[in-house]
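# Summary of the model geometry
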Amino acid sequence: MTIPDGIKPARPSPLAKSAAVPADDNVTVLPSPSDAPSKLKLSGNIISVTCFTPYTIGYRRKAKDVDEREAGSSTWELTPRRGSSALYDTLKHLASKESKWNHTIVGWTGDITELSAKAATNPLQHLQNSRTAQVGNPPPATGNIPGRIQPGLLNRTKSFQTPPPVPVFKGTQNRMTMTASDFSRERPEEEQVPKVTKEEREELQTVLGKCAADVGWEKIRAVWLGDEEDGGVTLTSMTRWVQYAEKVLWPTFHYIIPQTFPMAEGSSLEEKGWWRDYLRFNNAYADEIMKIYTPGDIIWIHDYHLLVLPEILRQRIGRDVHIGLFVHAPWPSSEIFRILSRRKQLLSGMLASNMIGFQSETYKEHFVSCCKRILGFRESLDSKGNCTGVETYGSHCAVHTLPIGIDYEKVNSAVRNRGVEENMAKIRSGYGDRKIIVGRDRLDSVRGVLQKLRAFERFLETNREWIDKVVLIQITSPSSLVESQAIENKVSELVSQINGRFGSLHYTPVQHYPQYLQPQEYFALLRVAALGLITSVRDGMNTASLEYIICQEETHGPVILSEFTGTAESLHDAIIVNPTNTEQVAYEIARCLSMSEEDKKAHHAKLYEYVTTNTSQAWNSRFLSCLFDELVFDASHPITPVLDSQRLLTAYKESKERLFMFDYDGTLTPIVTDPEMAIPADRVVRTLKRLAQEPGNLVWIVSGRDQNFLSKWLGHIDELGLSAEHGCFLRYPGQTEWQNLAELMDMSWQAVAEDVFARYTEKTAGSFIEKKNVAVTWHYRRAELGLGTHMASLCRAEMEVALSQWPVEVMEGKANLEVRPQALNKGEIARTLVKAMKRDDGKGVGFVLCAGDDRTDEDMFDALNQLEEQGRDGEAGELKNIFSVTVGPSSKVTSAKWHVLEPSDIVDAAGLCVGIVDPRDAGVCKGVEA
């Protein structure tokens, strides 16, 4: 067989690397709490946090007359949840008898289906299936299959969405009006949306507890979300809680950028509401976790629905909480991820973890790149130059490649089931000597079903000798995505086209089954297949390929795997293809079907060794071992809570005299490449003017900028106080003249500083010197990042030696070095302003808001902390409400008591105080998050 032009023999993906934690003889031995260093003081508890509980939940509302209910009936009925079998298997391993850990699963109830009110059922009646159901596909009789009525369920599925009001005619006017009361009155009683009481929720928790103990989960706790009224949770709009995750994050992570979203879904107003629900979703998890958390617990969070939960937990619990996060989905490149409007909030939320795990080295590299390019962080490297994590302003978040596996023992046992053998015989009798190519995918655009069909069609076109000798059996499961119906139509058209071109009365080349299979049918199909074909265009970890390899232990059928799955970087010896290259995939199909038994055996042996070694149990062990190492390395993880808008507004309104101090660059305006281009936006100027004109307010800009710049852009606001060059020059409110506090100081050191900076400017392309009236600054923001950072380190060391005889200090800012007098800094200005301001009762200032972003602003924060401490000791007037705020992530090492992510957040905080910003958009109103 000749290779077509432009097609090269398959080889491992160029992205594939062996960066995952290597296997060893003890990799499947789960570390116990006693294996961790004693200084960690682990409690022995692991809390696994997942999007859903392992069971779907059915609800049966109580009849008005208790006697009408049949004996033994229950409010709740549980059914094993489809999908995520690899994850649930790993969690069950943590709760196994071999484990030394106390394990609890915390998951959302998800959509709750209403059951028939008169059906008498055991709440655990479906769970006997979970004891025998195997990985891959749970029994179809226990799932929510479209078009199939479940035992005990109503014929009509109720999603608990509130229907629109019914239009009715009122009065004599020919006009329809729609009112909720009209609809409520006409709506049949049995269709009223149920309200789940506290007692019923407690009953569900009891049922889950029995279920967990019965089938080996140990403990399961349900997270409730809904509108609570009179102690009852109304089950309306349940899908709203995952809209942001499913309609924004999932598409973006799979390279479906928002420009391709339907207009109704992509609107900014709708996304804003989704984001609020996303935050409420994560906060609901935090509420449930706080009920069971004890110091020393390990909290293990899973996937993209809960990316901001680490930061929420760390803010609530403190610095010593142990948090691990694993992202099962693909992670996109920084160019794709940066299109998200909430990109910084998501990254900041994740980096509050001690450790983050990804399925592949590529996804890990993409994440680190996002942190570098979007947040400006640095990567940490080991002695060999390999990336080990992200440096977050003095703290560290470890980042590892830890591909998940499957439960080999469970799958291998299921494959040997007698029912599988019987189904294999049926399949073979139905297809005779024809070779079977098997594909199993969810029906959405990223699973590559269309690409697979096009490649198979091309294979039959170029290899006509295989017509009537091979058949493609494609199993697709339904998807919840809006695009699923459109994909299904295209798949049906392409299947009909292929069968029409190459089929006959006795031969159908493509057999498409859009349904779930029972485990015995599924594993039988994998065992009789001659080739596994997976052509996803973007996928996390494709467990179907791992199951296929186990099923081919005796027949050694090869597997063709898309290079765009996370699995491709683990299964180096699979046949790796680009699914969009139809010619290549068609060629590899022909090559695999013609492969000799010796080649197939050699090909399969390496794959089988990987799958049987890197199991779900091994994954647990590696993750915990890596987490232990990180906890020891970074024992104290700093955390700064996000600015409390409710508390800020309340303190502002209660105080009569208020002091505001704002840094300029990076605080009121974003950092830019050219310092001269950092001009204040109109919104900033209007907010500052409004704030400064408010009775009782004293507003100062405390900046490293010189007088000319501040006078030019902010000097027209007469009520504003200005401090230039870190306190060397002052212009008081209502005045036009500047005071020079450094007028009598020796400035001979400036020439020496300029000489040193000049030498490094010559060595560093893009750097330049800014000479102010007092300070001298060297900027390397335009230089290449690595070179600028390296040269700055060398320059600072040389400068400190050269200026050792003068009372000056070398300060490191954001991409700059500045030399200035030690006696004059922002901290001294803050002290002066606070002490000069007294409340009416003479006891001190009632409100201070101080905001900055870099090292020079830490002087202000330190000064305020000292004044606050002196006030408590009775040495100075009491400072009741100090809000020291740094601009940066929560993990930033700072003396500030609060943080915000963006300069726009500082402007919003100021606008909130004077009524420019709606309190609802700032998270002030109860139940509404920013």
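For the structure itself, look to the data block above.
Below you will find a few notes about this structure. Predicted, not measured: the structure shown is a model, and the values here were computed from it. Numbering of residues starts from 1 in each chain and follows the order in which that chain's sequence is written. With the structure being a predicted model, the display of local features is reserved for residues of pLDDT at least 70 and the display and counting of side-chain atom pairs for 80 or more, all residues being used for whole-chain, interface and lining totals. Water and hydrogen atoms were dropped before computing side-chain values, which therefore reflect all heavy atoms in the structure.

We now examine the overall build of the chain. Counting secondary structure elements, the chain contains 28 helices and 35 strands. Relative to its 930 residues, the chain shows a buried fraction of 56%. Residue contacts are counted whenever heavy atoms from the two residues lie within 4.5 Å of one another. Restricting the contact set of the chain to residue pairs at least 6 apart, pairs at least 24 apart contribute 74%. Accessibility throughout is a Shrake-Rupley quantity obtained with a 1.4 Å probe, and a residue counts as covered only by protein chains that appear here. Element-wise, carbon and sulfur atoms account for 49% of the exposed surface of the chain, whose accessible area totals about 39600 Å². The helix count covers DSSP runs of H or I at least four residues long, the strand count covers runs of E at least two residues long, and both are numbered beginning at the N terminus. With a 1.4 Å probe rolled over the protein chains alone, any residue whose accessible area is under 20% of its type maximum counts as buried; one over 50% counts as exposed, and the rest are partly exposed.

Below, the discussion takes up the pairing of strand E15 (residues 378-381). Bridge count between E15 and strand E16 (residues 387-392): 4 bridges; the pairing is antiparallel. Paired with Glu379 across the two strands is Val390, which belongs to E16. Paired strands are those between which DSSP finds at least two bridges. Counted between consecutive antiparallel strands, the loop separating E15 from E16 contains 5 residues, among which Gly385 sits at a positive phi close to 85 degrees.

Turning to the sheet that holds strand E29 (residues 768-771), a few remarks are in order. With respect to topology, 4 strands assemble into an open sheet ordered E29-E30-E32-E31, the strand pairing being antiparallel. For this open sheet the edge positions go to E29 and strand E31 (808-813), each flanked by a neighbour on one side alone. The mean angle between the axes of side-by-side strands here comes to 20 degrees, regardless of whether they run parallel or antiparallel. Where E31 lies against strand E32 (residues 816-821), 6 bridges are found, and the strand directions are antiparallel. Orientation is described by axes fitted as lines to C-alpha atoms, over the contacting stretch for helices, and by angles from 0 to 180 degrees between their N-to-C directions.

With respect to the secondary-structure elements, His328 resides in the loop between strand E13 (322-327) and helix H9 (334-337). Its relative accessible area of 13% is what places His328 among the buried residues. Pairing of N or O atoms within 3.5 Å defines a polar contact, subject to two protein rules: one partner must be a possible hydrogen donor and the other a possible acceptor, and residues neighboring in sequence count only if both atoms are side-chain atoms. A distance of 3.0 Å separates the side chain of His328 from the side chain of His302, its partner in a polar contact.

All right, on to the pattern of salt bridges then. When a carboxyl oxygen of Asp or Glu lies within 4 Å of a side-chain nitrogen of Lys or Arg, that pair is called a salt bridge. All chains considered together, the criterion is met by 36 salt bridges. A salt bridge links Glu461 to Arg501; the shortest N-O distance between them is 2.6 Å. Placement of the pair is Glu461 in helix H14 (residues 449-462) and Arg501 in helix H15 (residues 484-502), with a sequence separation of 40 residues. The partner of Glu868 in a salt bridge is Lys897, and the shortest N-O contact between them spans 3.3 Å. With a gap of 29 residues between them, Glu868 in helix H27 (residues 858-872) and Lys897 in the loop between strand E34 (882-887) and strand E35 (898-900) connect regions that are remote in the sequence. According to the relative accessible area criterion, Glu868 is buried, its value standing at 17%.

A few words on the nonpolar core. The tendency in soluble globular proteins is for nonpolar side chains to be buried as a group. Side-chain atoms within 4.5 Å link the members of a nonpolar core, which is a set of buried Ala, Val, Leu, Ile, Met, Phe, Trp, Tyr and Cys residues. Within the largest apolar cluster, 149 residues are counted, with the highest numbers of intra-cluster contacts made by Leu307, Trp331, Leu346 and Phe367. Top element by residues in this core is helix H7 (residues 268-292). It accounts for 9 residues. Sequence-distant contacts of Leu346, that is, excluding residues within four places in its chain, are made with Tyr244, Leu249, Trp275, Tyr278, Leu307, Val308, Phe337 and Leu340. Grouped together as the second largest cluster of nonpolar side chains are 41 residues, Phe662, Phe729, Ala742 and Leu849 included.

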